[in-house]
Amino acid sequence: MAVARLRTVVLDCPDPHALAAFYAAVAGGTPEAESDRWVVLRVPDGPRLSFQRAEGFTPPRWPHADRDSQQFHLDFDAGPTWAEIDAAHEKVLALGARPLDLEDREKKDFQVYADPAGHPFCLCRIERPDGLDRTAP
């Protein structure tokens, strides 16, 4: 039996409005500002993400969490083909992401980026054994 239910994933950042807008463009949804320090994004068919202003924010360093950083990352299913990953790559770069690890496409099914505040996230190539496209209506 679960002790509690996951309510939200919270990302500290210098500008919660800007980071919420970035993730809304990546994953969908509309940011809702609860204050100038807290913005919530309800991702369609996904988790709730919240963005909290943190004065003096220092982004985590990928792949080393060695300076009191709150190291974690978000994984996004960008499709079953590398062509879909490549298209998503161009879109996240246009939104302000920067590449952290694009190596070894033959060995791993993901690429690592930093969002505009420096948090790592991955675009993952997910092959669906059932052949179903979860993005189809």
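Residues numbered from 1 in each chain as written. Predicted model: local features only at pLDDT ≥ 70, side-chain atom pairs only at ≥ 80, totals over all residues. Heavy atoms only, no water.

Notes on the sheet that holds strand S6 (residues 98–101)
Strand pairs in the sheet, formed through backbone hydrogen bonds, run parallel or antiparallel to each other. Let me state the cut-off plainly: Two strands are said to pair when DSSP picks up at least two bridges between them. Secondary structure elements are defined from DSSP: runs of H or I of at least 4 residues count as helices, runs of E of at least 2 residues count as strands, and each element is numbered from the N terminus. Every axis in this analysis is a line fitted to C-alpha atoms, fitted for helices over the stretch in contact. Angles between the N-to-C directions lie between 0 and 180 degrees. We call two residues in contact whenever any of their non-hydrogen atoms come within 4.5 Å of each other.
The four strands are arranged S5-S8-S7-S6 in an open sheet whose pairing can be described as mixed. The open sheet has two edge strands, strand S5 (74–79) and S6, and neither has a second partner. Taking each pair of neighbouring strands and ignoring which way they run, the sheet shows an average axis angle of 35°. Judged from the three bridges that link them, S6 and strand S7 (residues 110–114) form a sheet pairing that is antiparallel. Bridge pairing links Asp101 to Val112 in S7. Sheet strands touched by helix H1 (residues 16–27): S5 and strand S8 (120–125). Its angle to S5, the strand with the most contacts, is close to 35°. Where helix H2 (residues 82–95) meets the sheet, its contacts fall on S5, S6, S7 and S8, and the angle it forms with S8 comes to roughly 155°.

Considerations on the side chain of Lys108
Inspection of the secondary structure assignment puts Lys108 in the loop between S6 and S7. Here Lys108 is in contact with Trp82, Asp101 and Glu103, once residues within four sequence places are set aside.

Side note on the environment of Trp38
What counts, and what does not: When accessible area is computed with a 1.4 Å probe and restricted to protein chains, residues below 20% of their type maximum are described as buried, those above 50% as exposed, and intermediate ones as partly exposed.
Mapped onto the secondary structure, Trp38 falls in strand S3 (residues 38–42). For Trp38, a relative accessible area of 19% translates into the label buried. Non-local contacts of Trp38, meaning those with residues more than four positions away in its chain, are made with Val10, Pro16, Glu32, Ala33, Arg48, Ser50, Phe51 and Gln52.

Some words on H1
Selection rule: The span one expects for a helix is its residue count, reduced by one, times 1.5 Å. A 3.5 Å cut-off defines polar contacts: any pair of N or O atoms within that distance qualifies, except that in protein one atom must be a possible hydrogen donor and the other a possible acceptor, and neighbouring residues in sequence count only when both atoms are side-chain atoms.
Across its 12 residues, H1 extends 16 Å between first and last C-alpha, which sits within 8% of the 16 Å expected from 1.5 Å per residue. Considered for burial, the residues of H1 that qualify are Pro16, Leu19, Ala20, Phe22, Tyr23 and Ala24. Regarding H1, its N-cap is Asp15, as a side-chain oxygen of that residue lies 3.2 Å from the backbone nitrogen of His17 further along. Of the residues trailing H1, Gly28 is marked for its positive phi of about 95°.

Here's the deal with the confidence of the model for the protein chain
Under the convention used in this document: As a per-residue quantity, pLDDT reports the predictor's confidence and falls between 0 and 100.
In the predicted model, the protein chain carries a mean pLDDT of 86, and the fraction of residues at 70 or more is 86%. For residues 133–137, every residue scores under 50 in pLDDT, and the model assigns this stretch two contacts once sequence neighbours within four places are set aside.

A short note on the sheet that holds strand S2 (residues 31–35)
The strand order across the open sheet formed by four strands is S1-S4-S3-S2, and the pairing between neighbours is mixed. The sheet is open, and its two edges are formed by strand S1 (9–13) and S2, each paired on a single side. For this sheet, the mean inter-axis angle between neighbouring strands, taken without regard to orientation, is 25°. Looking at chain direction, S1 and strand S4 (residues 48–53) are connected through five bridges and run parallel. Bridge pairing in S4 places Cys13 opposite Arg53. Here H1 sits on the sheet and contacts S1, S2, S3 and S4; the angle it forms with S4, its principal contact strand, is near 155°.

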